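Structural features, examined
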Amino acid sequence: MLLRTASRRVASAVLVTPVPRAKAPTRGLRLRVVDHASQSAVPPDAVTAPEAESVLRPLYMDVQATTPLDPRVLDAMLPYLVNYYGNPHSRTHAYGWESEAAMERARQQVASLIGADPREIIFTSGATESNNIAIKELEAAIRPDTSLVSVMTVNNEIGVKQPIAEIGRICSSKKVYFHTDAAQAVGKIPLDVNDMKIDLMSISGHKIYGPKGVGAIYIRRRPRVRVEALQSGGGQERGMRSGTVPTPLVVGLGAACEVAQQEMEYDHRRISKLAERLIQKIMQSLPDVVMNGDPEHHYPGCINLSFAYVEGESLLMALKDVALSSGSACTSASLEPSYVLRAIGTDEDLAHSSIRFGIGRFTTEEEVDYTVEKCIHHVKRLREMSPLWEMVQDGIDLKSIKWTQH
Amino acid sequence: VVLVDLSISLPAQVVDHYENPRNVGSLDKTSKNVGTGLVGAPACGDVMKLQIQVDEKGKIVDAKFKTFGCGSAIASSSLATEWVKGKTVEEALTIKNTDIAKELCLPPVKLHCSMLAEDAIKAALADYKLKQEPKKGEAEKT
(Lines give C-alpha, C1' and ligand atoms only; values in the text may rest on other atoms or scores of the structure.)
Protein backbone atom coordinates (compact mmCIF):
# COMPACT_ATOMS: atom_id res chain seq x y z
CA MET A 1 0.00 0.00 0.00
CA LEU A 2 1.49 3.26 -1.16
CA LEU A 3 1.91 5.53 1.84
CA ARG A 4 0.97 3.37 4.79
CA THR A 5 4.51 2.18 5.57
CA ALA A 6 6.30 5.31 4.39
CA SER A 7 9.21 6.54 6.40
CA ARG A 8 9.94 10.25 6.48
CA ARG A 9 12.38 10.13 3.57
CA VAL A 10 10.15 8.03 1.32
CA ALA A 11 7.06 10.11 2.06
CA SER A 12 8.69 13.20 0.58
CA ALA A 13 9.28 11.48 -2.78
CA VAL A 14 6.55 11.13 -5.40
CA LEU A 15 5.44 7.53 -5.87
CA VAL A 16 3.74 6.62 -9.10
CA THR A 17 3.76 2.81 -9.01
CA PRO A 18 0.23 1.68 -9.80
CA VAL A 19 -1.26 -0.70 -7.20
CA PRO A 20 -4.35 -2.61 -8.32
CA ARG A 21 -5.91 -3.18 -4.90
CA ALA A 22 -4.78 -2.46 -1.35
CA LYS A 23 -3.20 -5.47 0.36
CA ALA A 24 -4.76 -6.63 3.63
CA PRO A 25 -2.74 -5.16 6.52
CA THR A 26 -1.09 -7.60 8.95
CA ARG A 27 -3.28 -8.62 11.93
CA GLY A 28 -5.66 -5.88 10.91
CA LEU A 29 -3.51 -3.17 12.49
CA ARG A 30 -1.53 -0.83 10.27
CA LEU A 31 2.03 0.15 10.94
CA ARG A 32 2.93 3.77 10.50
CA VAL A 33 5.89 5.80 11.50
CA VAL A 34 4.72 8.71 13.61
CA ASP A 35 6.47 11.86 12.52
CA HIS A 36 4.50 15.08 12.76
CA ALA A 37 7.58 17.05 11.66
CA SER A 38 6.99 15.79 8.12
CA GLN A 39 3.94 18.08 7.93
CA SER A 40 6.22 21.11 7.98
CA ALA A 41 7.05 22.44 4.50
CA VAL A 42 10.66 23.06 5.49
CA PRO A 43 12.55 19.77 5.81
CA PRO A 44 14.11 19.41 9.26
CA ASP A 45 17.81 18.88 9.82
CA ALA A 46 18.38 15.13 9.41
CA VAL A 47 21.21 15.11 11.97
CA THR A 48 19.22 16.58 14.85
CA ALA A 49 15.83 15.02 13.98
CA PRO A 50 14.64 12.58 16.66
CA GLU A 51 14.14 8.84 16.03
CA ALA A 52 10.63 8.27 14.69
CA GLU A 53 8.65 5.82 16.84
CA SER A 54 6.55 2.96 15.49
CA VAL A 55 2.87 3.20 16.37
CA LEU A 56 0.07 0.83 15.41
CA ARG A 57 -2.99 2.65 14.18
CA PRO A 58 -6.59 1.49 14.68
CA LEU A 59 -8.53 -0.52 12.11
CA TYR A 60 -10.69 1.80 10.05
CA MET A 61 -14.41 0.93 10.31
CA ASP A 62 -15.84 4.44 9.86
CA VAL A 63 -16.26 4.76 6.08
CA GLN A 64 -19.45 6.81 6.44
CA ALA A 65 -17.35 9.59 7.99
CA THR A 66 -14.77 9.50 5.21
CA THR A 67 -12.98 7.02 2.95
CA PRO A 68 -9.32 6.54 2.09
CA LEU A 69 -8.18 7.47 -1.40
CA ASP A 70 -8.34 4.53 -3.79
CA PRO A 71 -4.76 4.12 -5.07
CA ARG A 72 -6.05 4.31 -8.64
CA VAL A 73 -7.52 7.73 -7.83
CA LEU A 74 -4.20 8.96 -6.47
CA ASP A 75 -2.48 7.73 -9.64
CA ALA A 76 -4.93 9.71 -11.75
CA MET A 77 -4.43 12.87 -9.68
CA LEU A 78 -0.67 12.95 -9.25
CA PRO A 79 0.27 14.23 -12.72
CA TYR A 80 -2.07 17.20 -12.18
CA LEU A 81 -0.51 17.98 -8.84
CA VAL A 82 3.03 17.78 -10.10
CA ASN A 83 3.29 18.42 -13.85
CA TYR A 84 0.04 19.48 -15.49
CA TYR A 85 -0.70 22.36 -13.15
CA GLY A 86 -2.40 24.77 -15.56
CA ASN A 87 -5.58 26.65 -14.78
CA PRO A 88 -8.34 24.90 -16.72
CA HIS A 89 -9.87 28.29 -17.65
CA SER A 90 -6.68 29.58 -19.27
CA ARG A 91 -7.53 29.81 -22.96
CA THR A 92 -4.19 30.78 -24.44
CA HIS A 93 -1.71 27.97 -23.83
CA ALA A 94 -1.22 24.23 -23.59
CA TYR A 95 -1.21 24.23 -19.79
CA GLY A 96 -4.77 25.57 -19.80
CA TRP A 97 -5.94 23.33 -22.62
CA GLU A 98 -4.67 20.09 -21.11
CA SER A 99 -6.06 21.03 -17.71
CA GLU A 100 -9.43 21.83 -19.28
CA ALA A 101 -9.43 18.54 -21.14
CA ALA A 102 -8.82 16.70 -17.87
CA MET A 103 -11.64 18.62 -16.20
CA GLU A 104 -14.08 17.73 -18.97
CA ARG A 105 -13.03 14.07 -18.89
CA ALA A 106 -13.73 14.07 -15.17
CA ARG A 107 -17.10 15.67 -15.77
CA GLN A 108 -17.99 12.90 -18.20
CA GLN A 109 -16.92 10.26 -15.67
CA VAL A 110 -19.20 11.73 -12.99
CA ALA A 111 -22.11 12.09 -15.41
CA SER A 112 -21.74 8.55 -16.67
CA LEU A 113 -22.06 7.12 -13.17
CA ILE A 114 -25.50 8.65 -12.63
CA GLY A 115 -26.87 8.56 -16.18
CA ALA A 116 -26.59 12.32 -16.67
CA ASP A 117 -25.33 14.57 -19.44
CA PRO A 118 -21.94 16.16 -18.63
CA ARG A 119 -23.47 19.60 -19.14
CA GLU A 120 -25.58 18.87 -16.08
CA ILE A 121 -22.60 18.44 -13.73
CA ILE A 122 -21.23 21.45 -11.85
CA PHE A 123 -18.15 20.97 -9.69
CA THR A 124 -18.28 22.24 -6.13
CA SER A 125 -16.26 21.94 -2.96
CA GLY A 126 -18.39 19.08 -1.70
CA ALA A 127 -21.89 17.78 -1.03
CA THR A 128 -22.53 20.47 1.61
CA GLU A 129 -22.01 23.24 -0.92
CA SER A 130 -24.13 21.30 -3.43
CA ASN A 131 -26.93 20.98 -0.88
CA ASN A 132 -26.82 24.72 -0.23
CA ILE A 133 -27.02 25.52 -3.94
CA ALA A 134 -29.94 23.12 -4.37
CA ILE A 135 -31.92 24.50 -1.43
CA LYS A 136 -31.27 28.08 -2.37
CA GLU A 137 -32.99 27.28 -5.64
CA LEU A 138 -36.22 27.79 -3.72
CA GLU A 139 -35.56 31.51 -3.77
CA ALA A 140 -35.03 31.47 -7.51
CA ALA A 141 -38.34 29.67 -8.09
CA ILE A 142 -40.12 30.47 -11.31
CA ARG A 143 -43.64 30.08 -10.04
CA PRO A 144 -44.80 31.32 -6.60
CA ASP A 145 -46.11 27.87 -5.68
CA THR A 146 -42.98 25.98 -6.70
CA SER A 147 -41.58 23.91 -3.89
CA LEU A 148 -38.74 21.47 -3.41
CA VAL A 149 -38.46 18.00 -1.96
CA SER A 150 -35.08 17.07 -0.57
CA VAL A 151 -34.32 13.54 0.61
CA MET A 152 -31.10 11.63 1.33
CA THR A 153 -30.64 8.65 -0.98
CA VAL A 154 -28.84 6.54 1.62
CA ASN A 155 -28.77 7.66 5.24
CA ASN A 156 -25.28 8.06 6.66
CA GLU A 157 -26.13 6.89 10.19
CA ILE A 158 -28.26 3.79 9.68
CA GLY A 159 -27.78 3.02 5.99
CA VAL A 160 -31.45 3.08 5.09
CA LYS A 161 -32.22 3.48 1.36
CA GLN A 162 -35.06 5.83 0.51
CA PRO A 163 -37.50 4.91 -2.27
CA ILE A 164 -35.99 7.47 -4.62
CA ALA A 165 -37.67 6.34 -7.82
CA GLU A 166 -41.13 6.51 -6.21
CA ILE A 167 -40.44 9.92 -4.71
CA GLY A 168 -39.17 11.11 -8.08
CA ARG A 169 -42.32 9.90 -9.78
CA ILE A 170 -44.57 11.69 -7.29
CA CYS A 171 -42.60 14.93 -7.50
CA SER A 172 -42.61 14.82 -11.26
CA SER A 173 -46.36 14.32 -11.41
CA LYS A 174 -46.91 17.22 -9.00
CA LYS A 175 -44.38 19.44 -10.80
CA VAL A 176 -42.28 19.77 -7.65
CA TYR A 177 -38.49 19.85 -7.78
CA PHE A 178 -36.74 16.81 -6.35
CA HIS A 179 -33.29 17.07 -4.83
CA THR A 180 -31.39 14.21 -3.28
CA ASP A 181 -28.18 14.21 -1.27
CA ALA A 182 -26.56 11.11 -2.72
CA ALA A 183 -23.22 11.42 -0.92
CA GLN A 184 -23.45 7.95 0.64
CA ALA A 185 -25.11 6.37 -2.41
CA VAL A 186 -23.16 7.45 -5.50
CA GLY A 187 -20.99 4.64 -6.77
CA LYS A 188 -22.42 2.23 -4.22
CA ILE A 189 -25.94 1.58 -5.52
CA PRO A 190 -27.12 2.07 -9.12
CA LEU A 191 -28.49 5.55 -9.71
CA ASP A 192 -30.02 7.02 -12.83
CA VAL A 193 -31.24 10.59 -12.69
CA ASN A 194 -33.66 10.02 -15.58
CA ASP A 195 -35.18 6.73 -14.41
CA MET A 196 -35.55 8.17 -10.93
CA LYS A 197 -36.71 11.60 -12.11
CA ILE A 198 -34.13 13.43 -10.02
CA ASP A 199 -33.79 17.16 -10.66
CA LEU A 200 -30.85 17.95 -8.38
CA MET A 201 -28.26 15.67 -6.81
CA SER A 202 -25.37 16.32 -4.41
CA ILE A 203 -22.19 14.31 -4.82
CA SER A 204 -19.25 14.07 -2.40
CA GLY A 205 -15.72 13.08 -3.37
CA HIS A 206 -14.41 11.85 -0.09
CA LYS A 207 -17.29 9.43 0.52
CA ILE A 208 -16.41 7.39 -2.57
CA TYR A 209 -12.64 6.93 -2.20
CA GLY A 210 -11.96 10.25 -3.88
CA PRO A 211 -10.21 13.33 -2.50
CA LYS A 212 -11.57 15.63 0.17
CA GLY A 213 -12.56 19.19 -0.74
CA VAL A 214 -14.42 18.38 -3.94
CA GLY A 215 -17.89 17.35 -4.95
CA ALA A 216 -20.46 18.08 -7.60
CA ILE A 217 -24.05 19.06 -8.06
CA TYR A 218 -26.17 17.53 -10.79
CA ILE A 219 -28.67 20.05 -12.19
CA ARG A 220 -31.25 18.83 -14.72
CA ARG A 221 -31.34 20.56 -18.08
CA ARG A 222 -34.55 19.10 -19.46
CA PRO A 223 -36.84 20.41 -18.10
CA ARG A 224 -34.51 23.17 -17.01
CA VAL A 225 -33.93 23.58 -13.28
CA ARG A 226 -32.80 27.06 -12.38
CA VAL A 227 -30.43 27.56 -9.49
CA GLU A 228 -28.97 30.64 -7.94
CA ALA A 229 -25.21 30.78 -7.54
CA LEU A 230 -23.91 30.83 -3.97
CA GLN A 231 -20.67 32.44 -4.90
CA SER A 232 -20.11 34.97 -7.66
CA GLY A 233 -16.85 35.81 -9.42
CA GLY A 234 -15.39 34.93 -12.80
CA GLY A 235 -18.46 33.05 -14.03
CA GLN A 236 -16.90 29.56 -14.19
CA GLU A 237 -19.10 26.43 -14.31
CA ARG A 238 -21.75 28.17 -16.44
CA GLY A 239 -21.95 30.97 -13.89
CA MET A 240 -23.38 28.62 -11.30
CA ARG A 241 -20.21 28.31 -9.29
CA SER A 242 -17.49 30.85 -9.80
CA GLY A 243 -13.94 30.03 -8.83
CA THR A 244 -11.13 28.17 -10.56
CA VAL A 245 -12.04 24.53 -10.84
CA PRO A 246 -9.32 22.57 -8.98
CA THR A 247 -8.17 20.22 -11.73
CA PRO A 248 -6.32 17.69 -9.55
CA LEU A 249 -9.32 17.37 -7.25
CA VAL A 250 -11.90 16.99 -10.00
CA VAL A 251 -9.66 14.52 -11.81
CA GLY A 252 -9.68 12.60 -8.54
CA LEU A 253 -13.46 12.81 -8.30
CA GLY A 254 -13.82 11.67 -11.91
CA ALA A 255 -11.44 8.77 -11.40
CA ALA A 256 -13.26 7.78 -8.20
CA CYS A 257 -16.56 7.73 -10.11
CA GLU A 258 -15.11 5.66 -12.94
CA VAL A 259 -13.56 3.15 -10.53
CA ALA A 260 -16.85 3.00 -8.64
CA GLN A 261 -18.78 2.28 -11.81
CA GLN A 262 -16.44 -0.64 -12.57
CA GLU A 263 -16.39 -1.97 -9.04
CA MET A 264 -19.95 -1.31 -7.90
CA GLU A 265 -21.36 -4.79 -8.37
CA TYR A 266 -18.33 -6.59 -6.97
CA ASP A 267 -18.03 -4.19 -4.01
CA HIS A 268 -21.72 -4.57 -3.22
CA ARG A 269 -21.51 -8.37 -3.23
CA ARG A 270 -18.36 -8.44 -1.13
CA ILE A 271 -19.58 -5.82 1.33
CA SER A 272 -22.94 -7.58 1.69
CA LYS A 273 -21.17 -10.81 2.60
CA LEU A 274 -18.96 -9.08 5.15
CA ALA A 275 -21.94 -7.24 6.62
CA GLU A 276 -23.89 -10.48 6.92
CA ARG A 277 -20.89 -12.06 8.63
CA LEU A 278 -20.56 -9.21 11.13
CA ILE A 279 -24.24 -9.11 12.02
CA GLN A 280 -24.66 -12.89 12.28
CA LYS A 281 -21.59 -13.38 14.45
CA ILE A 282 -22.58 -10.59 16.82
CA MET A 283 -26.25 -11.57 17.07
CA GLN A 284 -25.38 -15.21 17.66
CA SER A 285 -23.01 -14.40 20.52
CA LEU A 286 -24.82 -11.57 22.28
CA PRO A 287 -28.44 -11.24 23.40
CA ASP A 288 -30.33 -7.93 23.36
CA VAL A 289 -28.74 -6.45 20.23
CA VAL A 290 -30.97 -4.42 17.92
CA MET A 291 -30.20 -3.40 14.36
CA ASN A 292 -31.45 0.11 13.67
CA GLY A 293 -33.08 0.82 10.34
CA ASP A 294 -35.21 -1.13 7.89
CA PRO A 295 -33.32 -4.38 7.18
CA GLU A 296 -34.81 -4.73 3.71
CA HIS A 297 -34.23 -1.25 2.26
CA HIS A 298 -30.73 -0.99 3.52
CA TYR A 299 -27.24 -0.36 2.16
CA PRO A 300 -25.13 -3.20 3.63
CA GLY A 301 -21.97 -1.21 4.28
CA CYS A 302 -23.54 0.92 7.02
CA ILE A 303 -24.56 -1.14 10.03
CA ASN A 304 -25.99 0.56 13.10
CA LEU A 305 -26.45 -1.69 16.13
CA SER A 306 -27.70 -0.92 19.61
CA PHE A 307 -26.24 -3.02 22.43
CA ALA A 308 -28.78 -2.78 25.24
CA TYR A 309 -27.52 -1.85 28.70
CA VAL A 310 -24.14 -0.69 27.38
CA GLU A 311 -23.49 2.97 26.59
CA GLY A 312 -22.06 3.73 23.13
CA GLU A 313 -19.09 5.88 24.03
CA SER A 314 -17.85 3.44 26.65
CA LEU A 315 -17.90 0.73 23.98
CA LEU A 316 -15.96 2.97 21.59
CA MET A 317 -13.40 3.55 24.34
CA ALA A 318 -13.15 -0.19 24.95
CA LEU A 319 -12.76 -0.86 21.21
CA LYS A 320 -9.83 1.47 21.12
CA ASP A 321 -8.06 -0.24 18.26
CA VAL A 322 -11.01 0.03 15.91
CA ALA A 323 -12.15 3.38 14.49
CA LEU A 324 -15.94 3.53 14.87
CA SER A 325 -18.73 5.98 15.53
CA SER A 326 -21.71 6.10 17.86
CA GLY A 327 -25.13 7.73 17.98
CA SER A 328 -24.80 8.34 21.70
CA ALA A 329 -25.04 11.80 23.13
CA CYS A 330 -21.58 11.62 24.64
CA THR A 331 -19.99 11.49 21.23
CA SER A 332 -21.80 14.53 19.90
CA ALA A 333 -20.73 18.04 20.81
CA SER A 334 -24.28 18.97 21.76
CA LEU A 335 -24.79 16.00 24.12
CA GLU A 336 -27.98 15.21 22.19
CA PRO A 337 -28.35 11.62 20.98
CA SER A 338 -28.76 10.87 17.29
CA TYR A 339 -31.73 12.68 15.73
CA VAL A 340 -31.99 9.91 13.16
CA LEU A 341 -32.53 7.25 15.81
CA ARG A 342 -35.03 9.47 17.55
CA ALA A 343 -36.89 9.96 14.25
CA ILE A 344 -37.27 6.21 13.69
CA GLY A 345 -38.69 5.86 17.19
CA THR A 346 -35.75 4.20 18.92
CA ASP A 347 -36.01 4.20 22.72
CA GLU A 348 -33.72 6.85 24.16
CA ASP A 349 -31.59 4.42 26.15
CA LEU A 350 -31.04 2.32 22.99
CA ALA A 351 -30.06 5.47 21.12
CA HIS A 352 -27.31 5.96 23.70
CA SER A 353 -26.22 2.36 23.09
CA SER A 354 -25.76 2.54 19.34
CA ILE A 355 -22.57 1.90 17.36
CA ARG A 356 -22.12 2.40 13.60
CA PHE A 357 -19.94 -0.11 11.76
CA GLY A 358 -18.76 0.98 8.32
CA ILE A 359 -17.67 -1.66 5.80
CA GLY A 360 -16.02 -0.41 2.63
CA ARG A 361 -14.09 -1.39 -0.47
CA PHE A 362 -10.88 -2.04 1.47
CA THR A 363 -12.35 -3.70 4.55
CA THR A 364 -11.04 -7.23 4.94
CA GLU A 365 -12.66 -10.31 6.44
CA GLU A 366 -9.86 -10.36 8.99
CA GLU A 367 -10.73 -6.81 10.07
CA VAL A 368 -14.40 -7.73 10.41
CA ASP A 369 -13.57 -10.83 12.46
CA TYR A 370 -11.23 -8.88 14.74
CA THR A 371 -13.83 -6.16 15.25
CA VAL A 372 -16.56 -8.70 15.99
CA GLU A 373 -14.38 -10.60 18.46
CA LYS A 374 -13.41 -7.46 20.35
CA CYS A 375 -16.96 -6.14 20.26
CA ILE A 376 -18.42 -9.32 21.76
CA HIS A 377 -15.73 -9.42 24.45
CA HIS A 378 -16.16 -5.80 25.51
CA VAL A 379 -19.97 -5.77 25.38
CA LYS A 380 -19.93 -8.72 27.77
CA ARG A 381 -17.43 -6.94 29.99
CA LEU A 382 -19.37 -3.68 30.00
CA ARG A 383 -22.60 -5.52 30.74
CA GLU A 384 -20.89 -6.97 33.82
CA MET A 385 -20.23 -3.35 34.84
CA SER A 386 -23.76 -2.19 34.03
CA PRO A 387 -26.39 -1.66 36.74
CA LEU A 388 -29.09 -1.96 34.06
CA TRP A 389 -27.92 -5.38 32.95
CA GLU A 390 -27.80 -6.46 36.60
CA MET A 391 -31.37 -5.30 37.19
CA VAL A 392 -32.62 -7.06 34.06
CA GLN A 393 -30.88 -10.29 35.13
CA ASP A 394 -32.68 -9.98 38.46
CA GLY A 395 -35.97 -9.83 36.61
CA ILE A 396 -36.62 -6.13 37.18
CA ASP A 397 -38.55 -4.25 34.50
CA LEU A 398 -36.46 -1.13 33.84
CA LYS A 399 -39.50 0.77 32.63
CA SER A 400 -41.03 0.46 36.10
CA ILE A 401 -38.18 2.29 37.84
CA LYS A 402 -38.49 5.93 38.82
CA TRP A 403 -35.13 7.32 37.78
CA THR A 404 -33.72 10.42 39.46
CA GLN A 405 -33.98 13.50 37.32
CA HIS A 406 -30.63 15.11 36.50
CA VAL B 1 6.04 -3.06 22.40
CA VAL B 2 3.48 -1.10 20.44
CA LEU B 3 1.20 1.65 21.71
CA VAL B 4 -2.04 3.00 20.42
CA ASP B 5 -2.02 6.75 20.81
CA LEU B 6 -5.32 7.68 22.49
CA SER B 7 -3.95 10.62 24.46
CA ILE B 8 -5.53 12.95 21.94
CA SER B 9 -9.04 11.76 22.70
CA LEU B 10 -9.27 10.40 26.25
CA PRO B 11 -7.11 11.06 29.29
CA ALA B 12 -5.08 7.99 30.25
CA GLN B 13 -6.58 8.00 33.75
CA VAL B 14 -10.08 7.56 32.32
CA VAL B 15 -9.12 4.61 30.13
CA ASP B 16 -7.24 3.05 33.05
CA HIS B 17 -10.39 2.77 35.17
CA TYR B 18 -12.00 0.62 32.48
CA GLU B 19 -8.96 -1.47 31.59
CA ASN B 20 -7.96 -2.08 35.22
CA PRO B 21 -11.25 -1.99 37.04
CA ARG B 22 -11.32 -1.71 40.76
CA ASN B 23 -14.44 -2.06 42.90
CA VAL B 24 -16.79 -3.17 40.10
CA GLY B 25 -19.53 -5.27 41.62
CA SER B 26 -22.34 -5.39 44.14
CA LEU B 27 -22.85 -5.55 47.89
CA ASP B 28 -25.86 -7.07 49.59
CA LYS B 29 -28.39 -4.25 49.40
CA THR B 30 -30.60 -5.85 52.02
CA SER B 31 -27.85 -5.62 54.66
CA LYS B 32 -28.29 -2.89 57.27
CA ASN B 33 -24.66 -1.86 56.89
CA VAL B 34 -24.92 -1.28 53.16
CA GLY B 35 -26.04 2.01 51.62
CA THR B 36 -27.08 1.96 47.96
CA GLY B 37 -27.27 5.01 45.72
CA LEU B 38 -28.83 4.75 42.25
CA VAL B 39 -28.69 7.99 40.25
CA GLY B 40 -29.18 9.08 36.67
CA ALA B 41 -31.50 7.70 33.99
CA PRO B 42 -31.09 5.38 30.98
CA ALA B 43 -32.77 7.97 28.77
CA CYS B 44 -29.93 10.37 29.65
CA GLY B 45 -27.26 7.78 28.91
CA ASP B 46 -25.94 7.88 32.49
CA VAL B 47 -26.84 5.57 35.38
CA MET B 48 -24.59 5.00 38.40
CA LYS B 49 -25.11 2.52 41.21
CA LEU B 50 -22.74 3.10 44.12
CA GLN B 51 -22.79 1.01 47.29
CA ILE B 52 -20.93 1.44 50.58
CA GLN B 53 -20.40 -0.96 53.46
CA VAL B 54 -20.03 0.76 56.81
CA ASP B 55 -18.68 -0.78 60.04
CA GLU B 56 -20.00 -0.21 63.60
CA LYS B 57 -17.68 2.77 64.04
CA GLY B 58 -19.17 4.60 61.03
CA LYS B 59 -16.19 3.97 58.76
CA ILE B 60 -16.66 2.91 55.13
CA VAL B 61 -14.82 -0.39 54.79
CA ASP B 62 -15.92 -1.41 51.30
CA ALA B 63 -17.44 0.23 48.24
CA LYS B 64 -18.67 -1.12 44.91
CA PHE B 65 -20.05 0.46 41.76
CA LYS B 66 -21.73 -0.35 38.47
CA THR B 67 -22.21 2.26 35.75
CA PHE B 68 -24.07 2.59 32.43
CA GLY B 69 -22.35 5.57 30.83
CA CYS B 70 -19.37 6.85 28.90
CA GLY B 71 -15.73 6.30 29.83
CA SER B 72 -15.66 9.45 31.96
CA ALA B 73 -18.77 8.33 33.85
CA ILE B 74 -17.25 4.92 34.55
CA ALA B 75 -14.00 6.51 35.69
CA SER B 76 -15.78 9.08 37.90
CA SER B 77 -17.84 6.46 39.72
CA SER B 78 -14.85 4.13 39.99
CA LEU B 79 -12.74 6.89 41.52
CA ALA B 80 -15.59 7.73 43.88
CA THR B 81 -15.53 4.17 45.30
CA GLU B 82 -11.77 4.40 45.72
CA TRP B 83 -12.03 7.68 47.61
CA VAL B 84 -14.85 6.73 49.98
CA LYS B 85 -13.05 3.65 51.23
CA GLY B 86 -11.45 4.32 54.58
CA LYS B 87 -13.42 7.52 55.16
CA THR B 88 -16.11 7.98 57.73
CA VAL B 89 -19.65 8.68 56.63
CA GLU B 90 -19.16 12.38 57.45
CA GLU B 91 -15.83 12.62 55.65
CA ALA B 92 -17.30 11.01 52.54
CA LEU B 93 -19.89 13.80 52.37
CA THR B 94 -17.07 16.27 51.67
CA ILE B 95 -15.99 14.65 48.40
CA LYS B 96 -16.55 17.23 45.67
CA ASN B 97 -17.22 16.67 41.97
CA THR B 98 -14.53 19.27 41.16
CA ASP B 99 -11.91 17.09 42.86
CA ILE B 100 -13.00 14.06 40.84
CA ALA B 101 -12.91 16.06 37.60
CA LYS B 102 -9.48 17.44 38.41
CA GLU B 103 -8.03 14.02 39.27
CA LEU B 104 -9.31 12.54 35.98
CA CYS B 105 -8.48 15.63 33.86
CA LEU B 106 -12.08 15.72 32.62
CA PRO B 107 -12.76 18.26 29.87
CA PRO B 108 -15.62 20.77 30.44
CA VAL B 109 -18.06 18.72 28.36
CA LYS B 110 -17.61 15.77 30.79
CA LEU B 111 -18.00 17.65 34.07
CA HIS B 112 -21.55 16.37 34.48
CA CYS B 113 -20.12 12.84 34.92
CA SER B 114 -18.23 13.92 38.02
CA MET B 115 -21.34 15.67 39.33
CA LEU B 116 -23.35 12.47 38.95
CA ALA B 117 -20.63 10.57 40.84
CA GLU B 118 -20.89 13.06 43.72
CA ASP B 119 -24.68 12.56 43.65
CA ALA B 120 -24.16 8.79 43.77
CA ILE B 121 -21.97 9.07 46.89
CA LYS B 122 -24.51 11.27 48.62
CA ALA B 123 -27.37 8.96 47.63
CA ALA B 124 -25.54 5.93 49.06
CA LEU B 125 -24.78 7.79 52.29
CA ALA B 126 -28.38 8.94 52.59
CA ASP B 127 -29.65 5.41 52.05
CA TYR B 128 -27.29 4.12 54.76
CA LYS B 129 -28.43 6.81 57.22
CA LEU B 130 -32.04 5.96 56.46
CA LYS B 131 -31.41 2.34 57.34
CA GLN B 132 -29.86 3.28 60.71
CA GLU B 133 -33.09 4.93 61.93
CA PRO B 134 -35.80 2.50 60.91
CA LYS B 135 -38.72 3.09 63.30
CA LYS B 136 -37.94 6.47 64.81
CA GLY B 137 -40.57 8.54 62.99
CA GLU B 138 -39.68 10.84 60.07
CA ALA B 139 -36.96 9.41 57.82
CA GLU B 140 -34.12 11.71 56.83
CA LYS B 141 -34.70 13.50 53.58
CA THR B 142 -32.50 12.35 50.69
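Described in the following lines is the structure provided in the data block. Being a predicted model, the structure only gives us computed values, none of them experimental.

So, how was this worked out
Residues numbered from 1 in each chain as written. Chains lettered and ligands numbered in written order. Predicted model: local features only at pLDDT ≥ 70, side-chain atom pairs only at ≥ 80, totals over all residues. Heavy atoms only, no water. Helix = DSSP H or I, 4+ residues; strand = E, 2+ residues; numbered from the N terminus. Buried < 20%, exposed > 50% of the residue type's maximum accessible area, 1.4 Å probe, protein only. Contact = heavy atoms within 4.5 Å. Areas by Shrake-Rupley, 256 points an atom, 1.4 Å probe, with all protein chains shown as cover. Buried area = accessible area lost by both parts, 1.4 Å probe. Salt bridge = Lys/Arg side-chain N within 4 Å of Asp/Glu carboxyl O. Polar contact = N/O pair within 3.5 Å; in protein donor to acceptor, adjacent residues only side chain to side chain. Nonpolar A, V, L, I, M, F, W, Y, C, P; charged D, E, K, R; others polar. 1 Å grid on protein atoms, 1.4 Å probe; cavity = no way out; pocket = protein on both sides within 12 Å on 5 of 7 lines; lining within 4 Å. Points joined across faces, edges and corners; volume = space filled by probe spheres on them. Pairing = 2+ DSSP bridges. Axes fitted to C-alpha atoms, helices over the stretch in contact; angles between N-to-C directions. Disulfide = S-S within 2.5 Å. Phe/Tyr/Trp six-rings, centres within 6.5 Å; stacked < 30°, edge-to-face > 60°.

1. Details of the overall build of chain A
Looking only at helices and strands, chain A features 11 helices and 13 strands. Burial analysis of chain A (406 residues in total) assigns 51% to the buried set. For chain A, the proportion of contacts with a sequence separation of at least 24, taken over those separated by at least 6, is 71%. When the accessible surface of chain A is split by element, carbon and sulfur atoms take 53% of a total near 19,400 Å².

2. Digging into the interface of chain A and chain B
Counting residues at the interface gives 30 residues for chain A and 36 residues for chain B. Across the chain A to chain B interface the summed buried area is about 3,200 Å²; carbon plus sulfur atoms make up 67%. With its nearest N and O atoms 3.0 Å apart, the salt bridge here joins Lys-320 of chain A to Glu-19 of chain B. Counting every contact that joins chain A to chain B gives 15 residue pairs in polar contact (both at pLDDT 80 or more). Of all the secondary-structure elements, those providing two or more residues to the side of chain A that touches chain B are β2 (53–57), α7 (312–318), α9 (348–351), α10 (365–384) and α11 (387–393) of chain A. Its residues assigned to classes, the side of chain A that touches chain B shows 14 nonpolar, seven polar and nine charged.

3. Description of empty space enclosed by the protein
Empty pockets left among the atoms are what a rolling probe the size of a water molecule brings to light. All names here are of chain A. Counting across every chain of the model gives five cavities of 30 Å³ or more. The space that makes up the largest cavity amounts to roughly 80 Å³. Classifying every residue of the lining of the largest cavity by side-chain character gives five nonpolar, two polar and three charged. In this structure, the second largest cavity spans a volume of roughly 50 Å³. As for the second largest cavity, its lining consists of Val-63, Gln-64, Gln-184, Lys-188, Tyr-209, Tyr-299, Gly-301, Ile-359 and Gly-360. Here the residues of the lining of the second largest cavity sort into four nonpolar, four polar and one charged.

4. What to know about the sheet that holds strand β13 (residues 354–358) of chain A
Residues and elements named next belong to chain A. If you walk across this open sheet you meet the four strands as β9-β10-β13-β12, and the pairing is antiparallel. Across the chains shown, the open sheet's two edge strands, defined by having one partner strand only, are β9 (289–291) and β12 (325–326). Note: β9 against strand β10 (residues 302–307), three bridges, orientation antiparallel. Bridging across to β10, Met-291 finds its partner in Leu-305. Helix α6 (residues 247–285) rests against β9, β10 and β13 of the sheet, and its axis sits at about 10 degrees to β10.

5. Regarding the state of the cysteines
Counted under the stated rule, the structure contains zero disulfides over all chains. Cysteine Cys-302 of chain A shares no disulfide, and the gap to the nearest cysteine sulfur, in Cys-375 of chain A, comes to 15 Å. There is no disulfide at Cys-113 of chain B, and the cysteine sulfur nearest it, in Cys-70 of chain B, is 3.7 Å away. Classification of Cys-113 of chain B by relative accessible area gives buried; the value is 1%.

6. Some details on the packing of aromatic side chains
Two aromatic rings are characterised by how far apart their centres lie and by the angle between their planes. All names here are of chain A. Tallied over the entire structure, the rule returns five aromatic pairs over all chains. Aromatic side chains Tyr-85 and Tyr-95 sit 5.4 Å apart centroid to centroid with 25 degrees between the ring planes, which places their arrangement in the stacked category. With a gap of 10 residues between them, Tyr-85 in the loop between α2 (71–82) and α3 (94–114) and Tyr-95 in helix α3 connect regions that are remote in the sequence. A relative accessible area of 55% means that Tyr-85 is categorised as exposed. On the accessibility criterion, Tyr-95 (39% relative accessible area) is partly exposed. Between Phe-307 and Phe-357 the ring centres are 6.5 Å apart and the planes differ by 75 degrees, which places this aromatic pair in the edge-to-face class. With Phe-307 in strand β10 and Phe-357 in strand β13, the pair connects residues that are 50 residues apart, well separated along the chain. Phe-357 shares its class with Phe-307; the two are buried.

Distances and angles like these do not, on their own, reveal function.
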